[in-house]
Amino acid sequence: MAVPTSEELQQYEKDGYFIHRDLFKPEELHEVTDYIMEHVVESHRLPAVQPHIQDAFFREWCSQDHLLDFVEPIVGPDIALWTVHCFYKPPISGPRTPWHQDAVYWEMEPVVTCSIWLALEQVDEENGCMRVLPGTHRGNRKLGHHGIDRVKENASLGLETNNDQFDESTSVSMILDTGDCSVHHSHLIHGAMPNTSGRSRNGLVMRYMPTSSVRTTGDLYLARGRDLSEGKNVYCG
Ligand SMILES: O=C(O)CCC(=O)C(=O)O
């Protein structure tokens, strides 16, 4: 059973992220990678945000015990999967991801959730790995963001953290091999450089929350345990 180490959990608390090596063996990722390539990338369904609502394959893959056992020490035993995001970026033209806090996008009360960024292939600075600003999650505060033109800026998101809120020189690159993952807190500032390399960059991001948080937008999947929202949460699947 894969679980975060106590050092990783301490780092999550202190810095708002950690890297866990070998969550999956590369050969255990062939099925999900082939599925994403066929049903998302080659079917022109990118950006694929929340495909788990319609697609049972994603709901089931992302709710396998191996992942839930890993997530349980972070969010507790009653777990809702609420986002799956295929962050595939093609060679040469893959967009940048502006600096942002996930929490500014999310309708959830309270915002208690973690994101697992699973590398489906090698990601490094050349093909635009994710970068994080350690410690910026502290205080659980939403920081100022402004809108940007996604098309003009070839950006994967439309909001960017105001640059008086952070020091980019403190950034840490999430360099991962196939099967490694990084885990980040919903208030951590993070982003990614564009993929201008000749290689693709394929990451699967899965977000989980305790069912005691409330989210009524219909995208929750009760992955483990029971609902603790007194019936306020709306589940799919
Ligand atoms: O992989 C990326 O480019 C950004 C990922 C991200 O923002 C996230 O998973 O919250």
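Our structure's up above, just so we're on the same page.
Residues numbered from 1 in each chain as written. Predicted model: local features only at pLDDT ≥ 70, side-chain atom pairs only at ≥ 80, totals over all residues.

Caption draft 1: Structural context of the sheet that holds strand E6 (residues 130–132). Strand order across the open sheet formed by 4 strands is E4-E11-E6-E9, with antiparallel pairing between neighbours. With partners counted over all chains shown, the strands left at the sheet margins are strand E4 (97–100) and strand E9 (172–173), one partner each. Bridging between E4 and strand E11 (residues 190–192) involves 2 bridges; their strand directions are antiparallel. When the sheet's bridge partners are listed, His 100 is paired in E11 with His 190. (Pairing = 2+ DSSP bridges. Helix = DSSP H or I, 4+ residues; strand = E, 2+ residues; numbered from the N terminus.)

Caption draft 2: Here's a closer look at the site of the ligand. Every residue lining the ligand is accounted for by Phe 87, Thr 97, Asp 102, Ser 115, Trp 117, Met 130, Ser 156, His 190, Ala 192, Gly 203 and Val 205. Listed by contribution, the elements that provide at least two residues to the shell around the ligand are strand E5 (114–119), E11 and strand E12 (201–210). Here the residues of the shell around the ligand are counted per class, giving 5 nonpolar, 5 polar and 1 charged. (Near = placed C-beta within 6 Å. Nonpolar A, V, L, I, M, F, W, Y, C, P; charged D, E, K, R; others polar.)

Caption draft 3: Seen up close, the nonpolar core. Counting 50 residues, the largest nonpolar core has Val 71, Ala 80, Leu 81, Ile 116, Leu 118, Met 206 and Tyr 208 as its most contacted members. Of all the secondary structure elements, the ones that give two or more residues to this core are strand E1 (17–20), helix H4 (65–75), strand E3 (79–89), E5, E6, strand E10 (181–185), E12 and strand E13 (221–224). If one sorts the elements of this core by residue count, E3 sits on top with 8 residues. Discounting chain neighbours no more than four positions away, the residues touching Leu 118 are Leu 23, Cys 181, Gly 203, Leu 204 and Met 206. (Core = buried A, V, L, I, M, F, W, Y, C linked by C-beta atoms within 7 Å. Buried ≥ 20, exposed ≤ 12 C-beta atoms within 10 Å, placed from the backbone. Contact = placed C-beta atoms within 7 Å.)

Caption draft 4: The arrangement of the environment of Trp 106 in detail. Tracing the sequence through the fold places Trp 106 in the loop between E4 and E5. Taking C-alpha positions, Trp 106 is 28 Å from Thr 178, a pair spaced 72 residues apart along the chain. Excluding residues within four positions of it along the chain, Trp 106 makes contact with Val 111 and Ser 186.

Caption draft 5: Examining unusual backbone geometry more closely. For the bond from Glu 109 to Pro 110, the omega torsion is -10°, close enough to zero to count as cis. Phi is positive for Ile 92, which is not a glycine, with a value near 70°. Structurally, Ile 92 is set in the loop between E3 and E4. The exposed category is assigned to Ile 92, around which 12 C-beta atoms lie within 10 Å. With a phi angle near 50°, Asn 140 is a residue other than glycine that sits in the positive phi range. Counting through the fold element by element, Asn 140 comes out in the loop between E6 and strand E7 (145–147).

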